[in-house]
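Spelled out from the first residue to the last, the chains are:
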Amino acid sequence: MKENYTVCNCKQVTYNDIADAIHNNAKFDDVLKTFEGVQKITNCSTGCGGCYQKVLDIISNVLNGAEI
């Protein structure tokens, strides 16, 4: 498993929080729809928005079966 690290400092959301939100909920094949679901579960990228691209990158890689 990928080393856990904080992705969203505003809401203290980690890589594992995002990966868990993806794996433990409905499967999506669209990164933006998955982002919306992850955002609802974790509240990531609802503060300053500085982690938006990092979250999208993680979702894309998790959906494609790759670790970053």
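Read on for an overview of the structure. Throughout this description, residue numbers start from 1 for each chain and increase along the sequence as written. Only residues with pLDDT of 70 or above have their local features reported here, since the model is predicted, and side-chain atom pairs are shown and tallied only from 80 upward, although totals for entire chains, interfaces and linings are computed over all residues. For side-chain calculations, the full set of non-hydrogen atoms in the structure is used, while hydrogens and water are omitted.

1. Looking at the overall build of the chain
Working step 1: Counting from the N terminus, the helices are the DSSP runs of H or I reaching at least four residues and the strands are the DSSP runs of E reaching at least two. From N to C terminus, the chain includes three helices and two strands.
Working step 2: What you see in the chain, going N to C, is helices and strands ordered as β-β-α-α-α.
Working step 3: Burial status across the chain gives 32% buried among its 68 residues.
Working step 4: A contact between two residues is defined here by any heavy atoms of the two lying within 4.5 Å. Contacts spanning at least 24 positions in sequence make up 52% of the contacts within the chain whose residues lie at least 6 apart.
Working step 5: For the chain, the accessible surface area stands at approximately 4,200 Å², while carbon and sulfur atoms represent 46% of it. Classification of residues uses two cut-offs on accessible area relative to the type maximum, computed with a 1.4 Å probe and protein chains only: under 20% is buried, over 50% is exposed, and between them is partly exposed. Each accessible area is a Shrake-Rupley estimate made with a 1.4 Å probe; only the visible protein chains count as cover when residues are assessed.

2. Overview of the packing of helix 1 (residues 15-23) against helix 3 (residues 52-63)
Working step 1: Orientation is described by axes fitted as lines to C-alpha atoms, over the contacting stretch for helices, and by angles from 0 to 180 degrees between their N-to-C directions. At their nearest, the axes of helix 1 and helix 3 sit 10 Å apart, and the two run at 50° to each other. Comparing the axis directions of helix 1 and helix 3 gives the class oblique. Where helix 1 crosses over helix 3, the two elements pack in a sense that is right-handed. Contacts between helix 1 and helix 3 involve Tyr-15, Ile-18, Ile-22 and His-23 from the former and Val-55, Ile-58, Ile-59, Val-62 and Leu-63 from the latter. These descriptions rest on fixed angle ranges, namely under 35 degrees for roughly parallel, over 145 for roughly antiparallel, 65 to 115 for roughly perpendicular, and the rest for oblique. For any helix crossing, the convention is left-handed if the near helix is rotated counterclockwise from the far helix by under a right angle, and right-handed if that rotation is clockwise.

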